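# Working through the structure, step by step
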Amino acid sequence: MTTQHITQKGRAFAPGAITLHPGEKVEIVNDDGELVHHAYLEHPDFSFDTGEQAPGSRIVVAFPSKGSFTVLCGIHPKMKLLVTVK
């Protein structure tokens, strides 16, 4: 299965929207030189919390079920990653 790469830089997720199949993974990388990020998802079907991500850190998350999900940053509220699992 493919792992999609998501960067966190300039107080934004890039790309800002992705489409996956159930079970596919997303690697969320903090590519900001000095900013800490904190990606999380709260959804009745699936949740995760990366905790504070220092610059250069990465985490891999698998999306197990179909649905529409919005990943947020607990530090920068305008950051949003829309994930559609079909």
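One can find the structure itself at the top, above this paragraph.
Residues numbered from 1 in each chain as written. Predicted model: local features only at pLDDT ≥ 70, side-chain atom pairs only at ≥ 80, totals over all residues. Heavy atoms only, no water.

### Some remarks on the pairing of strand β8 (residues 67–73)
The line we're drawing: DSSP bridges decide pairing: two strands pair if at least two such bridges lie between them. Note on conventions: DSSP H or I runs of at least 4 residues are helices, E runs of at least 2 residues are strands, and numbering of each starts at the N terminus.
The pairing of strand β5 (residues 39–41) with β8 spans two bridges and is antiparallel. In the sheet register, Ala39 faces β8, and the bridge partner there is Cys73. Where β8 lies against strand β9 (residues 80–85), six bridges are found, and the strand directions are antiparallel. Along β9, the bridge assignment pairs Val71 with Leu81.

### Details of the sheet that holds strand β2 (residues 13–14)
On the basis of which strands lie adjacent, the open sheet formed by four strands has the order β2-β1-β4-β7 and mixed pairing. Looking at the sheet topology across the chains shown, the edges are occupied by β2 and β7 (58–62). In the sheet, strand β1 (residues 3–8) pairs with strand β4 (residues 25–30) via six bridges, with the strands oriented parallel. The residue bridging Gln4 from the neighbouring strand is Val26, located in β4.

### Concerning the nonpolar core
Filter applied, for reference: For this analysis, a nonpolar core means a set of buried residues of the types Ala, Val, Leu, Ile, Met, Phe, Trp, Tyr and Cys, connected via side-chain atoms within 4.5 Å. Buried, partly exposed and exposed residues are distinguished by accessible area as a fraction of the type maximum, computed with a 1.4 Å probe on protein chains only: under 20%, between the cut-offs, and over 50%, respectively. When checking whether two residues touch, look at their non-hydrogen atoms; a contact exists if any pair is within 4.5 Å.
Membership of the largest hydrophobic core comes to 19 residues, with the highest contact counts inside it found for Phe13, Phe48, Phe63, Val71 and Val83. Of all the secondary-structure elements, those providing two or more residues to this core are β3 (17–20), β4, β5, β8 and β9. Residues contacting Val71, with those up to four places away along its chain left out, are Phe13, Ala39, Tyr40, Phe48, Phe63, Met79, Lys80, Leu81 and Val83.

### Digging into the sheet that holds β5
The strand order across the open sheet built from five strands is β3-β9-β8-β5-β6, with neighbouring strands paired in mixed fashion. The open sheet has two free edges, formed respectively by β3 and β6 (48–49), since each of these has just one partner strand. Bridge count between β3 and β9: four bridges; the pairing is parallel. From the neighbouring strand, Thr19 faces β9, where its bridge partner is Thr84.

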